[in-house]
Amino acid sequence: RRLGIPCVAWLHGGNLPEWGEGNRARVNRALASAQAVVAPTEFLARWARGHGCDAQVIPNVLNLDAYRFRQRAEIRPRLLWMRTFQDLYAPDDAVKVLAALRGRGIDARLTMAGQDKGALESTRAVASRLDVGDWIEFPGFASGAQKTRLFDDHDIFLNTNLVDNAPVTVLEAAASGLVVVSTAVGGLPDLLPDGESALLVPPADPEAMADAVERILVDQQTASSLAGSARQVATRSAWPAVRQAWLALATDLGITEDQPG
């Protein structure tokens, strides 16, 4: 600011509104000092507006070329969960969803990919206790071709997070043609509206999530519509569109492309 360079506040983190309530003075000072406030979802932009800021939405960037969209002729009970193994993301709920589906006579299988941040062993323990370990794979952290292959090999993406904003893995799944079933937390209802681009359920409710998965398996037409709509949401994060949004903001702030910085 001393150099006269415009300052843009970029908001992120599904827990930001809750954290902000305990740090209101600090948040207000930071937002007031910015010439512009940007959020990747309407969820955080709406929160910032509540603090008197004219926040705008510019999505996070997603390289769509890295994902192969596949229109599934049939949605199978092949479930994918991909996130860090930690309590915030409730990985054990995905195991409980699998157990509920198998208890209903559905031949469901689950792959849980991600780095362990303390909850992997407890997740395995839940799988053992519910006697569904034979139908779960734990490939570890996935990236590059392995991640693409996982998206291609599965049909339904489970997002069990207790807190979230604009999860990249959900957008990656949407870009790959999977049907998303997610908890209705944080920015998810704004990102993927319930019944339009995904099926959303209350957090920490595996039975409700199992109901949503079963609905998808029974109503293949709705499943196809959800996947197509989610793909359109993912395209909004493609770099050309996001780049134009940032350039438009820069222009509003008096910054041109030939300026350093």
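Residues numbered from 1 in each chain as written. Predicted model: local features only at pLDDT ≥ 70, side-chain atom pairs only at ≥ 80, totals over all residues. Heavy atoms only, no water.

Below, the discussion takes up the environment of Pro77. Tracing the backbone through its elements, the reader meets Pro77 in the loop between β3 (56-57) and β4 (78-82). Residue class for Pro77 comes out buried when judged on its relative accessible area of 17%. Placed 31 residues apart in sequence, Pro77 and Ala108 show a C-alpha to C-alpha distance of 4.7 Å. Discounting chain neighbours no more than four positions away, the residues touching Pro77 are Ile106, Asp107, Ala108, Arg109 and Leu217. (Helix = DSSP H or I, 4+ residues; strand = E, 2+ residues; numbered from the N terminus. Buried < 20%, exposed > 50% of the residue type's maximum accessible area, 1.4 Å probe, protein only. Contact = heavy atoms within 4.5 Å.)

Looking now at the sheet that holds strand β6 (residues 136-140). The parallel open sheet is built from six strands, whose spatial order is β6-β5-β4-β7-β8-β9. The open sheet has two edge strands, β6 and β9 (199-201), and neither has a second partner. On average, each strand axis in the sheet is tilted by 20 degrees relative to the strand beside it, whichever way the strands run. Relative to strand β7 (residues 156-159), β4 is paired through two bridges, and the arrangement is parallel. By the bridge assignment for β7, Leu79 is matched with Ile156. Against the sheet, helix α7 (residues 168-175) contacts β4, β7 and β8 (179-183), and its axis sits at roughly 170 degrees relative to β7. Across the sheet, helix α9 (residues 206-218) is in contact with β4, β7, β8 and β9; its angle to β8 comes to roughly 165 degrees. (Pairing = 2+ DSSP bridges. Axes fitted to C-alpha atoms, helices over the stretch in contact; angles between N-to-C directions.)

A separate point is the environment of His154. Relative to the elements of secondary structure, His154 occurs in the loop between α6 (144-153) and β7. On the basis of relative accessibility, which here comes to 8%, the residue His154 falls in the buried class. Separated by 64 residues in sequence, His154 and Val218 place their C-alpha atoms 17 Å apart. Ignoring sequence-local partners within four residues, the contact set of His154 consists of Arg70, Arg72, Arg78, Leu79, Leu80, Thr111 and Leu178. Reaching out from His154, the side chain makes a polar contact with the backbone oxygen of Leu150 at a distance of 2.7 Å. (Polar contact = N/O pair within 3.5 Å; in protein donor to acceptor, adjacent residues only side chain to side chain.)

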